[in-house]
Number of protein chains: 4
Amino acid sequence: MSFNTFGHMFRVTTWGESHGAALGCVVDGCPPGIFFTQGDIQAELDRRKPGQSKYTTRRREADAVRILSGVMPEGKGYITTGTPVAMMIENTDQRSKDYGDIARQYRPGHADYAYDVKYGVRDYRGGGRSSAPRVAAGVLARKIVPGLQVRGAVVAIGEHEIDRSRWDWDEVGRNPFFCPDSAMVDIFARSLDEIRKAGSSIGAVVEIVAENVPAGLGAPVYGKLDQDIASLLMSVNAVKGVEIGDGFAAARLRGEENADEMRVDDKGEPVFLSNHAGGILGGIATGQPVIARFAVKPTSSILVPRRSIDADHHEVDVVTRGRHDPCVGIRAVPVGEAMVACAVADHFLRHRGQTGRV
Amino acid sequence: MSFNTFGHMFRVTTWGESHGAALGCVVDGCPPGIFFTQGDIQAELDRRKPGQSKYTTRRREADAVRILSGVMPEGKGYITTGTPVAMMIENTDQRSKDYGDIARQYRPGHADYAYDVKYGVRDYRGGGRSSAPRVAAGVLARKIVPGLQVRGAVVAIGEHEIDRSRWDWDEVGRNPFFCPDSAMVDIFARSLDEIRKAGSSIGAVVEIVAENVPAGLGAPVYGKLDQDIASLLMSVNAVKGVEIGDGFAAARLRGEENADEMRVDDKGEPVFLSNHAGGILGGIATGQPVIARFAVKPTSSILVPRRSIDADHHEVDVVTRGRHDPCVGIRAVPVGEAMVACAVADHFLRHRGQTGRV
Amino acid sequence: MSFNTFGHMFRVTTWGESHGAALGCVVDGCPPGIFFTQGDIQAELDRRKPGQSKYTTRRREADAVRILSGVMPEGKGYITTGTPVAMMIENTDQRSKDYGDIARQYRPGHADYAYDVKYGVRDYRGGGRSSAPRVAAGVLARKIVPGLQVRGAVVAIGEHEIDRSRWDWDEVGRNPFFCPDSAMVDIFARSLDEIRKAGSSIGAVVEIVAENVPAGLGAPVYGKLDQDIASLLMSVNAVKGVEIGDGFAAARLRGEENADEMRVDDKGEPVFLSNHAGGILGGIATGQPVIARFAVKPTSSILVPRRSIDADHHEVDVVTRGRHDPCVGIRAVPVGEAMVACAVADHFLRHRGQTGRV
Amino acid sequence: MSFNTFGHMFRVTTWGESHGAALGCVVDGCPPGIFFTQGDIQAELDRRKPGQSKYTTRRREADAVRILSGVMPEGKGYITTGTPVAMMIENTDQRSKDYGDIARQYRPGHADYAYDVKYGVRDYRGGGRSSAPRVAAGVLARKIVPGLQVRGAVVAIGEHEIDRSRWDWDEVGRNPFFCPDSAMVDIFARSLDEIRKAGSSIGAVVEIVAENVPAGLGAPVYGKLDQDIASLLMSVNAVKGVEIGDGFAAARLRGEENADEMRVDDKGEPVFLSNHAGGILGGIATGQPVIARFAVKPTSSILVPRRSIDADHHEVDVVTRGRHDPCVGIRAVPVGEAMVACAVADHFLRHRGQTGRV
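Worth saying up front: this structure is predicted, and the values here are computed from it rather than measured.

Novice: What am I meant to see in the sheet that holds strand β7 (residues 77-80) of chain C here?
Specialist: All names here are of chain C. With antiparallel pairing, the three strands of this open sheet are ordered in space as β4-β7-β6. In this open sheet, the two strands that pair with only one neighbour each are β4 (35-36) and β6 (71-74). Here two bridges tie β4 to β7, and the two strands are oriented antiparallel to one another. Paired with Phe-35 across the strands is Ile-79, a residue of β7.

What follows is the structure, given as C-alpha cells:
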C-alpha cells in the first residue's frame, strides 16, 4: 500500500536501518491460532544471514530475533492472538567509525545521490534497509496457507546459467549458492572466486516456485496475484526485472504454443498439460505451481575505482571499501521466497474474505 | 492498493466489462486547476482503439468518452476542481448473441477456468476488463507533472527485435506498430500478415520512456517508483514480465559495468555518464529518463484448435472465433504509457506532500 | 481510507456533484453471487429523495439508477460477478441558470470559503456531493450479511425529542419524518411548518439500529467497528456528532451502572442484561443490536439574511434562495442506515478473511 | 486505514499488549529534517503515565522510550531522515502471576467475551492495547505543522461539568485532572475520592482544541478532517461519543443561529464572528480553532461484584481486583491531543501533496 507497509489483509510494516540500533517488522492481520517457534523465524533469518560462506559478505549480523507482541506462549513456542505481531532484531555490531569522505561522496550505482535530492538529509552511516524483517514476516505467511510450499534457487550468476533438466531441490540446500544444478556448483564457485579477488561483483537470476497455492487466489485487474508478486519482488533491493512463468520468452511465442491446454485426469479432475503461464491466468491462481523469476544487479560496493561527485558537486573517484557480497543475488533467495509467501498469504485472506471459500 | 483502485495520492478506480453497458474510471486526488479537453482524452483513447489497422482486432469500440464530474467548464475544455473526475465510455456495439458452447467452455490460456474457480460465476459474454479507462486516467496524470513526457514503442514482435541504433521517435507515429525502427516496419508487417492468415497470434515487447521525471520521486523499500511501475505494468492484461533499465541483462554485468558513473557538466550540474539503472536508484528517480520494458504474451484467442475442458469437466477442443488482435502487444503501448504516467503522477504528489519539494 | 473511497474489503467510491451531469458509485469487493434488482436500489433511493413531502426540499431529482457493470442478468434482476459494480444516476434537472452574486459570495455555514482556500477554484453551480450513491451502495451491503437488518429513525428535531417508551418501528414508515413515536408526529409537523414559513431551518438527531450483526465483527484498536461507523456517519454532510450506545450519557455513569452484565438463557446461550455498550465492546460486536446516533446541524441555506464576505473580501449580506430542506436531518435517515450497513458489511468480509469464521 | 495503522501520508502503526514484553509504534511518512529529542517524547508519555496521582491507576509503567530507526543524531536530539521512525517502550513490570479464574471469566463491560468470539483465543494476561505509542507518534505530528498547538482538558467528570467562562489553560497543568476551571478542581477531587473508596469508577468528557490549523486542510466527502478526527478519537479505548464544534447541541439550533457569520478585520482579512462549526466546514479547516469533544465511559475494572459468565458459559460473579483508574478519562487527555495532532499532520501532508499549497 504505502511507503513502508505492504499487503492488504496480511499487512507487513518494516523499519530499521542496516547499521542502526535495531530493525524489525510488524505483521498485522495475521489470523489467530497460528503456532510458531522462535526457531522457525531464526532458521529462515539464518538462511539469508551474511557471513555464511566466503561468497557472501563477511559482515556479521546477529539476526537474533525477539517476538514482542501478538502472541501467547504455547508449548515450546507461541500462538498468534490476532493482534499485531512485532518482531525485532537488535544490531550488536553497531560500532561507531570514521566515515570520512564517504559521508559526502555519492557512490556510483548507490542511491546516495537520489536520497540527498529527495530528503535533503541522508544517513551516511548505512541507511540501507535490511531485508531481514521481510524474511521474518514470510515465516508467518507460509504457515497461514495450508500446505503451501515456497522454494527458491539461483538459476544464473553472470553468464553462467543452470541446466534446468538437472534441477534438484535437494541440491539447493547442499551448496552455498542455492544452486539446484550440481554440475553448476563448481562453475559458480570458480567464477565468484575470480570476481571476489578482483574486488568486483556480479548479477544473478533467482527463481521462486510456490506449490499448493489454492486455485482462485488473486483477482482480475489491479489485484492480480502476479502483479502483487511482481511489486514485492521489485521492492527488494537491487532487483531490476521480474517475470511470471515464461516471462519475456512468452513474447517470442505463438498463441498455440503459449496457451496451456487442459484435460481431466483419471479422477476427472482438471489438469494442465503445460505451465507457460506460471500458475496464474487473468491474475488468478490456477492451482499449478506459481513460478516467478527476478534479476538482481551486481552490487555497486566494489573495490574498482569509479568516477562520481560529492555533495558539493566536486568530481571524485570512489572506492567502496568494506565487507560486501560479490553476488548479492545469492542472499536474495530467502527474501524472494518470503515475498512470494507474503503475497500468497495476503491473497489467501482476501479471497476467503470476499468469497467465503478457501 | 486494492482490487480495482491503484495509486496513493493520484488514485484511479476503473470499472466495466468489455462487452457490458459501459466502462469508466474515477480519478481521485487530481489536483485542482488542471486544464484539459475532451479531445485530449479522446486522442489517447483513439491510439489504443481497436480497428485502426488490419494488425489489430477489427472489433469496433465507440470509445467516445463523457466527462461526468470533478470539472468546471473553462474555455473549450474543463478545469479540474479537486473532486473526483468520473469518465465513462458507453458501449454502442453491445449486441446480444448466441454464446453457445463458449458459455461453458474454458478457453486455453484465458482466465475462464480461474474465474469459475474463484467466483463460482463467470460473465461468459465477455467479462474482460478493457484498459481504455486506464488510458483516460493517464491523460490527467501527464498534465500533473510539469514537462513530463511519456512515450512508448514496440521493440520486438516474436523473434523480430528492432535495432536500437536506428531508434526514431518520429517513426513511432508513422506506422501501425508503434515501431521506432523504420527498417523493421516491413518485417513486422510481413510477419503479422502470416500470423493473421494462420489464425494465430504472437507476443511482443514494449518499451516506455518517461522524460523529465523530477529527481527525488519515489521512496526506498515498499514505495519504490520502479516497484509501482512494475506493479501497474504487470496489472495490464497479458503482461508476463517487467524490466527497469537494463533489467535481466543487468544480471550478467559486473559491478563496474553496471554502476552509472557521475560527473558535473559545464554548468556544474550533476550528470550521469550512462543509464543502466533506467533512471531509478534505490527506488528514487535520479532525473535521468525512466525506462521500463514489458513482455506481452500472444493472445489465446486463436483459430487453431486447442485441447481444453468445459465447466462439467468434459474434454473439448476449443477454437476461439471472433475478431481478435494477432498481436495485442501493439495496442498495449498507450496503456503502458498511461500506467507509467500514473505512477509518476502519484509519486509526484506523494513526494510533494512528504517533503514540500517538487 | 482516502479521499473518495471508504471501506477495506467492501470498498465504495462515490463521485459526482449535486448539480452536475451525473453522480454515481463504484462498489468494489462485493462478493459474487449476490442477487438484487434495480427496484431494490430504487426503493432505497426514493426514501432519501427530495420532494417527497413539504418537509423536504422540493428540488426534483430523477434518482433513476443505472447498473453499469459487475453483474449478470438473473431472473428479474442481477447477480454480482465479483467485479466492481458501477451505478450511475443521471441528472435530468441540470438547467443552466444565472448564478449571479452567488458565484463569488461565501454563504455562511457553507463550505464555500473553505473550498476556495483549499482548491483555489470552486464549483459555484452546486458542487456539493449528493449522498444518493451511498444509499445505492448500502443496498448491496445489506445483502452481504445474512439476516442483517438496519433501520433508522429521527429521535429529535430541534428541542423536540421522542419518548423512547413509545418507540414503534412500524410508525417510522407511516409519517414523513421517519419518526418512531406517533405522539410526536404532529409536534414535528407544526414545528417544521413554522420554521419553513420563517425561511429558517433546524437540526435533528438520528438513531440507527443494526440487528443480527454477527458477534466477532470488528477489531481492537484502529479497526474498531464503532470507529468505522463513527467515521462514516461523520462523513455525511452536516453531521457534527456521533454516539455509540449510551454515548455522551455514559460519561455520567458509574462503572457498575455502565457495564452490561451477562447470564445464560434457558438454552445455555450467553445473554446480556442491558445494552449500554450499543452492541460493541473493545471495537468488536457482541451480537447485541448495534446502536449509533448522530447529530445533524440545521442547513445554512436559509432565507434569513446573514453577514458574510465575497471572494474579493468585500462584506456582503447573503440570502440563500432556492429550494431547500427545512430539516436535512430527515433525509439523512436512509443515508445513515446505508453507512452503518456498509461498515458492517466491510467488517463481515474482513472478519471472514482474517479468521475464516462468520 | 486498516487494523493497526492509521493515517494516509502520516501513517502510524502501533503494536504491543499492555502486559507484554514491549509496545511501540512505527511512524511512516514523517517528513525529513524534523528535529526532536527523546525528552520531547518522554515528556508527553509522562503526561499520560499511570501512577502520577491517587486519581489514576497506581500500576507502574516504565514508559521509557527508545528511538530505534529513521533518525540521525543532531545536537542533543535527532533529526528525521524520511524513513520510518520506530519507537519502543519495554515493559519492566512484566511479572508472571496467577491469573486463576480471570483467565476464563468474562469481565462485564470488558471485551473478553467479544475477543473470545472473534479470535477463539484471548490473552487473559492483559491483552489490552496501551495508548502510549499513540502519544509518542503525536509528538512528531505536532512538529510537522508549523505553529500547531493542540491542547486538551477534562470538561466533565460524571455529573460535574466545568464552567466554560472560567476556562484557563494555565490551570490545566496545575491540577491532576487536566481541569481548566480552578473552581471545579476540589469538586472533582472529592467526587473521585468517594468513587475510589467505593471501588467504583466514573465517566468523563474531554475537549481538545487545535489552534493554527491551516485553512484548507481536509477534503469533502470521505476525507473530511472532522471525520478523521472522529475516527481516531473513537478508536481510543472507552470512548463512546465524539462531537465537533457545537456537536449534539447543533441539533437544537436554527440555521441562523448555527451558521458562523463572516466579516473582514481591519487588515482586510476574513474573520468569523463565531465558531459553532468547530473550525471545520464541509470537512475542510477554516482557520478557526478546531474543537472536538469525546465521552469516555467509566472503566469496568471495579471492585463492585457484577454478574457474568465464564468461557464454559457458567454463570459467575466477577470482581476485578488490581490497580485501576477511577476515571480513565483523565489519562485520555494526552491521548486525545495526540490523535487530533496526528489527524492534522496527516491532512497537512495530504493537502500539500494534492494542492502544492500549505
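Additional details are given in the paragraphs that follow.
Novice: Where do I start with the UniProt feature "binding site: NADP(+)" (unreviewed entry) in chain A in this structure?
Specialist: Residues and elements named next belong to chain A. According to UniProt, the "binding site: NADP(+)" (unreviewed entry) feature falls on Arg-48 and Lys-54. Residue Arg-48 is classed as buried on the basis of its relative accessible area, which comes to 3%. For Lys-54, the position within the fold is in the loop between α1 (38-48) and β5 (65-67). For Lys-54, a relative accessible area of 40% corresponds to the partly exposed category. Leave out the neighbours within four places in its chain, and Lys-54 touches Asp-193 and Arg-196.

Novice: Can you walk me through the pattern of salt bridges in this structure?
Specialist: Residues and elements named next belong to chain A. Enumeration over the complete set of coordinates arrives at 109 salt bridges over all chains. Notably, a salt bridge pairs Arg-47 with Glu-337, separated by 2.7 Å at the nearest N-O pair. Remark: Glu-337 occurs in helix α8 (residues 328-355) and Arg-47 occurs in helix α1; sequence separation between them is 290 residues. A relative accessible area of 27% places Arg-47 in the partly exposed class. Accessibility expressed as a relative area gives 2% for Glu-337, which makes it buried.

Novice: Please explain the relation of the copies chain B and chain A as it appears in this structure.
Specialist: The operation relating the two chain copies consists of a rotation about an axis and a shift along that axis. For the pair chain B and chain A, the relating rotation is 180 degrees, the translation along its axis is 0.0 Å, and the fit reaches an RMSD of 0.0 Å. Accordingly, the operation relating the two chain copies is best matched by a two-fold axis. The fraction of interface residues of chain B whose copies in chain A are also interface residues reaches 100%, indicating that both copies meet through the same surface.

Novice: Where do I start with the side chain of Asn275(A) in this structure?
Specialist: Along the chain, the position of Asn275(A) falls in the loop between β14 (270-272) and β15 (280-281). A polar side-chain atom of Asn275(A) sits 3.0 Å from the main-chain amide nitrogen of Gly278(A).

Novice: I keep staring at unusual backbone geometry and nothing clicks. Help me out?
Specialist: Apart from glycine, the bulk of residues carry a negative phi angle, and the bulk of peptide bonds sit in the trans form. A positive phi angle is found at His313(B), which is not glycine, with a value near 65 degrees. Tracing the backbone through its elements, the reader meets His313(B) in the loop between β18 (306-309) and β19 (315-318). Using a relative accessible area of 28% as the deciding quantity, one classes His313(B) as partly exposed. Even without being glycine, Phe178(C) reaches a positive phi, approximately 50 degrees. Topologically, Phe178(C) is positioned in the loop between α4 (169-172) and α5 (182-197). Residue Phe178(C) is classed as buried on the basis of its relative accessible area, which comes to 12%.

Novice: What exactly am I supposed to notice about the interface of chain C and chain D here?
Specialist: Interface size is often expressed as the accessible area that is lost when the parts come together. Facing 107 residues of chain C, the contacting portion of chain D comprises 107 residues. Both faces considered, chain C and chain D share a buried interface measuring about 9300 Å² in area, 57% of it formed by carbon and sulfur atoms. One can count 10 salt bridges joining chain C with chain D. A salt bridge links Glu261(C) to Arg307(D), with the shortest nitrogen-to-oxygen separation between them at 3.0 Å. Taken together, chain C and chain D are joined by 54 residue pairs in polar contact (both at pLDDT 80 or more).

Novice: Is there a simple way to think about the environment of Arg151(B) in this case?
Specialist: Residues and elements named next belong to chain B. Topologically, Arg-151 is positioned in strand β9 (residues 149-157). Arg-151 sits 74 residues away from Gly-77 along the chain, and the two C-alpha atoms are 24 Å apart. Look past the residues within four positions of Arg-151 in its chain and what remains in contact with it is Trp-169, Glu-207, Ile-208, Val-209, Glu-211 and Glu-337. Separated by 2.9 Å, the side chains of Arg-151 and Glu-211 make a polar contact.

Novice: Please clarify how the pairing of strand β18 (residues 306-309) of chain D should be interpreted in this entry.
Specialist: Residue and element names in this part refer to chain D. Pairing of β18 with strand β19 (residues 315-318), which is carried by four bridges, proceeds in the antiparallel orientation. Residue pairing across strands places Arg-307 opposite Asp-317, the latter belonging to β19. Here β18 folds back onto β19 in antiparallel fashion, the turn holding five residues, of which His-313 has a positive phi close to 65 degrees.

Novice: What should I look at first to understand the UniProt feature "binding site: FMN" (unreviewed entry) in chain A in this one?
Specialist: In the numbering used here, UniProt assigns the "binding site: FMN" (unreviewed entry) feature to Arg129(A), Ser130(A), Ser131(A), Asn237(A), Ala238(A), Gly282(A), Lys297(A), Pro298(A), Thr299(A), Ser300(A), Ser301(A) and Arg323(A). Here Asn237(A) shows up in the loop between α6 (225-234) and β12 (239-244). The partly exposed category is assigned to Asn237(A), whose relative accessible area is 43%. Filtering out sequence-adjacent residues up to four positions away, Asn237(A) remains in contact with Arg129(A) and Lys224(B). By the secondary structure assignment, Pro298(A) is in the loop between β17 (290-296) and β18 (306-309). Residue contacts for Pro298(A): discarding those within four places in its chain leaves Ser201(A), Ile202(A), Gly203(A), Ala250(B), Leu253(B), Arg254(B), Gly255(B) and Asn258(B).

Novice: Please clarify how helix α3 (residues 132-144) of chain A should be interpreted in this entry.
Specialist: Count 3.6 residues to each turn of an α-helix, and residues three or four apart come out pointing the same way. With respect to burial, α3(A) is a largely interior element, 11 of its 13 residues being buried. Inspection of α3(A) places Ala132(A), Pro133(A), Arg134(A), Val135(A), Ala136(A), Ala137(A), Gly138(A), Val139(A), Leu140(A), Ala141(A) and Ile144(A) among the buried residues, and these make up the whole buried set.

Novice: I keep staring at the interface of chain B and chain A and nothing clicks. Help me out?
Specialist: Opposite the 107 residues of chain B that make contact, chain A presents 107 residues. When chain B packs against chain A, the two sides together hide about 9300 Å² of surface, and 58% of this comes from carbon and sulfur. Counting across the chain B and chain A interface gives 10 salt bridges. In this structure, Arg254(A) and Glu194(B) form a salt bridge, with 2.4 Å as the shortest nitrogen-oxygen distance. Where chain B touches chain A, the interface holds 53 residue pairs in polar contact (both at pLDDT 80 or more). When residues in the side of chain B that touches chain A are grouped by element, the largest group, seven residues, is from helix α2 (residues 112-119) of chain B.

Criteria and thresholds
- Residues numbered from 1 in each chain as written.
- Chains lettered and ligands numbered in written order.
- Predicted model: local features only at pLDDT ≥ 70, side-chain atom pairs only at ≥ 80, totals over all residues.
- Heavy atoms only, no water.
- Pairing = 2+ DSSP bridges.
- Helix = DSSP H or I, 4+ residues; strand = E, 2+ residues; numbered from the N terminus.
- UniProt positions renumbered as here; feature names shortened; annotations may be inferred.
- Buried < 20%, exposed > 50% of the residue type's maximum accessible area, 1.4 Å probe, protein only.
- Contact = heavy atoms within 4.5 Å.
- Salt bridge = Lys/Arg side-chain N within 4 Å of Asp/Glu carboxyl O.
- Least-squares fit on C-alpha atoms with pLDDT ≥ 70 in both.
- Polar contact = N/O pair within 3.5 Å; in protein donor to acceptor, adjacent residues only side chain to side chain.
- Buried area = accessible area lost by both parts, 1.4 Å probe.

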